[in-house]
Amino acid sequence: MERYLVQGGLPLSGTVQIGGAKNSILPVLAAALLNDSSEEIRLRKVPALGDVRAMISILTCLGAQVGREGEDLLLQTAAVDCDQVPDLLMREMRSSIFLMGPLLGRLGRVRISYPGGCAIGLRPINLHLEGLQKLGAVIEEKNGSIEARGRLRGSKITLAYPSVGATENLMMASVCARGSTVIANAACEPEITDLQNFLNTLGARISGAGGPEITIRGVRGLHGGSYRVFPDRIVAGTFLLAAVITGGCITVEGIVPEHLTALSGLLEQAGAAVEIGAAAITVSAKRPLRALQRVRTGPYPGFPTDLQPQLLAALTLARGSSTVIEHVFKGRFHHVPELRRMGAKIDLSGHRAIIRGVDRLSGAEVKATDLRAGAALTLAALAAEGPSRITGISHIERGYERLPETLSLLGARILRERGAPEEVLSR
Ligand code: UD1
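Residues numbered from 1 in each chain as written. Predicted model: local features only at pLDDT ≥ 70, side-chain atom pairs only at ≥ 80, totals over all residues. Heavy atoms only, no water.

**Brief notes about the domain arrangement of the chain**
Part 1 of the argument: Split into domains, the chain comes out as domain 1 (4–18 + 231–426) and domain 2 (22–227).
Part 2 of the argument: The C-alpha-based centres of domain 1 and domain 2 are spaced at 31 Å.
Part 3 of the argument: Every contact between the two is made by 20 residues of domain 1 and, on the other side, 16 residues of domain 2.
Part 4 of the argument: There are two salt bridges connecting domain 1 and domain 2.
Part 5 of the argument: Seen at the junction of domain 1 and domain 2, the total is seven residue pairs in polar contact (both at pLDDT 80 or more). (Domains from an automatic or database assignment. Contact = heavy atoms within 4.5 Å. Salt bridge = Lys/Arg side-chain N within 4 Å of Asp/Glu carboxyl O. Polar contact = N/O pair within 3.5 Å; in protein donor to acceptor, adjacent residues only side chain to side chain.)

This is the structure we're talking about:
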């Protein structure tokens, strides 16, 4: 079993270059299936993440050829003709739901297994299915699988909630539909803009992404092209919070600072010094931080749910009492019992966490149950006194590339260990 061994208590400092966003790369890889020409797609500087590997396995199973050239991915999708996503691969990565849109758009049919709940709570897909039906798909759900078929026609779809995945799925489904589609109350996350820009590079005609109404004018087919996705705002935010929780100073470079406005505002409120450059943010913090009275996650430009666990970890060491309200994924508090094992004082009531700041955390054996919970535990371990052991790190490595190596360069004492547990953590 693999784990991280962390000897906490050191302030981290230095500069981190941020790579491509996982949550952009995954839909972009799915969208590549819409290219039915023999031209190649080059995705530049794609990090080697667990989720990216899982999505590549799915594309390969569907008939695509995917190769690596240095940090770039090369995709040939002309031969894709399989409309069924294998159950095992579907389970490996829940985001595979958004293969429905491109496969249906390209082949006129798709079959996937039903994605059940996951560690951060139930993840319904009603908005995806209702939207596809609006585009003319006939959907049948039986024996745990969902089958959709039909030639799609443009339509107006108003989402009941600005779901990121549903917006992406419906954008992809309508790219090659007959006529125009309008998605109202669309998600406004930067990853949606990224998907629009990628699809337009391949010949799609999409406008409005980044705002609440997206228009997609149907085209006959897509071609190849070269694209580099936005930097990962969540990874960048995680490193800034590593500076905060350890009382250090970290610069994240190669980012779009406005993607992190919600976080940088809160960090300033909590007393950290935040310096914003053209493509970088520096955060330096002296502990203890001030508590934050009320943090509420929400759709972009609100505070991202994907940074809630890491911020919550930082608030365990703030002076005073903070409240964090999780409004996006209501069950997303699996990090709380683990943080309590490290001495954090947190009360949970429904989707609200009340964090009473403590003077110190102490190292412990903790388990990552999902990606961002794992990131939060790693941050807490970096700040804690004494050694910590974090298991379940395959979750963390779905979305963070070479995390121990990068943290070590910032001055952390962290090792990735496999096999039998070592008794002493030394370096
Ligand atoms: C994406 C991100 C995830 C992030 C989330 C919110 C990817 C691969 N994942 O997930 O990291 O935490 O956005 O920013 O990009 N909902 C429904 N019905 C649906 C779809 C969603 O009720 O059909 C609900 C969900 O249960 C949840 C909320 O809408 O409460 C937000 O979900 P959504 O925006 O769809 O998140 P994902 O696309 O799954």
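Next comes the rest of the write-up.
**Considering the pattern of salt bridges**
Part 1 of the argument: Tallied over the entire structure, the rule returns 18 salt bridges.
Part 2 of the argument: For the salt bridge of Lys22 with Asp51, the shortest nitrogen-to-oxygen distance reads 3.5 Å. With Lys22 in helix H1 (residues 22–31) and Asp51 in helix H2 (residues 50–61), this residue pair connects regions lying 29 residues apart in the sequence. Across the pair, Asp51 and Lys22 agree in class, each one buried.
Part 3 of the argument: The shortest N-O distance in the salt bridge between Glu140 and Lys142 comes to 3.6 Å.
Part 4 of the argument: On the basis of relative accessible area, Lys142 is assigned to the partly exposed category, the value being 42%. (Helix = DSSP H or I, 4+ residues; strand = E, 2+ residues; numbered from the N terminus. Buried < 20%, exposed > 50% of the residue type's maximum accessible area, 1.4 Å probe, protein only.)

**A few points about the sheet that holds strand S12 (residues 213–217)**
Part 1 of the argument: The sheet built from four strands is open, its strands ordered S9-S10-S12-S11 with mixed pairing. The open sheet has two edge strands with one neighbour each: strand S9 (156–158) and strand S11 (205–207). Between one strand and the next, the sheet's axes are offset by a mean angle of 15°, whatever the strand orientation.
Part 2 of the argument: In this structure, S11 lies alongside S12, joined through three bridges in antiparallel fashion. When the sheet's bridge partners are listed, Arg205 is paired in S12 with Arg217.
Part 3 of the argument: Set on the sheet, helix H7 (residues 190–201) makes contact with S11 and S12; between it and S11 the angle comes to about 155°. (Pairing = 2+ DSSP bridges. Axes fitted to C-alpha atoms, helices over the stretch in contact; angles between N-to-C directions.)

**Here we look at the site of the ligand**
Part 1 of the argument: Neighbouring the ligand are 18 residues; Asn126, Ser163, Gly165, Asp306 and Val328 lie closest to it.
Part 2 of the argument: At 2.7 Å from an oxygen atom of the ligand is found a main-chain nitrogen or oxygen belonging to Gly165.
Part 3 of the argument: Within the backbone of Val328, one N or O atom sits 2.4 Å away from an oxygen atom of the ligand.
Part 4 of the argument: Protein chains shield 83% of the accessible area of the ligand, which is 740 Å² for the free molecule.
Part 5 of the argument: In terms of residue count, helix H5 (residues 126–134) provides more of the shell around the ligand than any other element does, three residues in total.
Part 6 of the argument: When its residues are assigned to classes, the shell around the ligand shows eight nonpolar, seven polar and three charged. (Near = heavy atom within 4 Å. Areas by Shrake-Rupley, 256 points an atom, 1.4 Å probe, with all protein chains shown as cover. Nonpolar A, V, L, I, M, F, W, Y, C, P; charged D, E, K, R; others polar.)

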